Amino acid sequence: GQSLEQPSEVTAVEGAIVQINCTYQTSGFYGLSWYQQHDGGAPTFLSYNGLDGLEETGRFSSFLSRSDSYGYLLLQELQMKDSASYFCAVNHGNAGKSTFGDGTTLTVKP
Amino acid sequence: DAGVIQSPRHEVTEMGQEVTLRCKPISGHNSLFWYRQTMMRGLELLIYFNNNVPIDDSGMPEDRFSAKMPNASFSTLKIQPSEPRDSAVYFCASSRGGFAGKNIQYFGAGTRLSVL
């Protein structure tokens, strides 16, 4: 079966750096994606790692280690608007199917 | 592009009634996904289609749920009869699909369903 583990909640202050970890057990792994969802909104794509290493997109970076079945999302220079839920998702490659983790609720405090 | 369009945005119905949720994917996308999101169960994949064909419906909770995709620009998720435990936010998403790797899913705004 498929399973993903990520922390349920993380709290940080404005301007800080926060890392959200994700470990997975799955078959048919092609890559790890990250999505952001604000309260009452829809998930939106943030980042993707198909190969080991770091991908950087502005203040957000994502990392993957296939050998460790582990990835993380790094958010720098936190802003209040970053308060949201963050989901890691395994891409299986079957017509784009993804399995989502339970999400991490990030609260950014002033 | 207008993005993935779902209707209705909100639906309140009584137990036993039929509910139909609608989705228009992004033009040119080959894969379409239906998800259900609740506090207890998170974001669950119910069913997904590729080129209008259902590929995996193992997430459909029971026979009361059915989904169709009659053409590339329209899909429905039907619940008949509805029950209070079906209350959730239902998302439709689409992606280019058809290949392995980076398949970004674009989500619609969701339908918030309340079954009384």
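Note that the structure is a prediction, hence the values are computed from the model and not measured.

Q: Could you clarify how one ought to interpret the overall build of chain A in this entry?
A: In terms of helices and strands, chain A carries zero helices and eleven strands. Secondary structure elements in chain A, listed N-terminal to C-terminal, are β-β-β-β-β-β-β-β-β-β-β. Relative to the compact-globule value of 13 Å for 110 residues, chain A shows a C-alpha radius of gyration of 13 Å, a close match. When the backbone C-alpha atoms are referred to their principal axes, chain A occupies close to 40 × 30 × 20 Å. Within the span of chain A, comprising 110 residues, buried residues form 52% of the whole. Excluding contacts between residues fewer than 6 apart, the proportion of contacts in chain A whose partners are at least 24 apart in sequence is 55%. Carbon and sulfur atoms provide 45% of the accessible area of chain A, an area that totals close to 5,100 Å².

Q: Could you clarify how one ought to interpret the side chain of Thr-76 of chain B in this entry?
A: By the element assignment, Thr-76 of chain B lies in strand β8 (residues 74-79). Those residues in contact with Thr-76 of chain B, other than ones at most four positions away along the chain, are Thr-20, Leu-21, Arg-22, Trp-34, Ser-66, Ala-67 and Lys-68 of chain B.

Q: Could you clarify how one ought to interpret the pattern of salt bridges in this entry?
A: Pairing is possible between side chains that carry opposite charge, provided their charged atoms lie close to one another. All names here are of chain B. For the coordinates displayed, the defined rule picks out ten salt bridges over all chains. Across the pair Glu-44 and Arg-41 runs a salt bridge, and its minimum N-O distance is 2.9 Å. The residue Glu-62 makes a salt bridge to Arg-64 at a minimum N-O spacing of 2.9 Å. Look at Glu-62 and you get partly exposed, because its relative accessible area is 27%. On the accessibility criterion, Arg-64 (10% relative accessible area) is buried. Members of the salt-bridge network, linked through shared partners, are Glu-62, Arg-64, Glu-83, Arg-85 and Asp-86.

Calculation rules
- Residues numbered from 1 in each chain as written.
- Chains lettered and ligands numbered in written order.
- Predicted model: local features only at pLDDT ≥ 70, side-chain atom pairs only at ≥ 80, totals over all residues.
- Heavy atoms only, no water.
- Helix = DSSP H or I, 4+ residues; strand = E, 2+ residues; numbered from the N terminus.
- Rg over C-alpha atoms; globule rule 2.2 N^0.38 Å.
- Buried < 20%, exposed > 50% of the residue type's maximum accessible area, 1.4 Å probe, protein only.
- Contact = heavy atoms within 4.5 Å.
- Areas by Shrake-Rupley, 256 points an atom, 1.4 Å probe, with all protein chains shown as cover.
- Salt bridge = Lys/Arg side-chain N within 4 Å of Asp/Glu carboxyl O.

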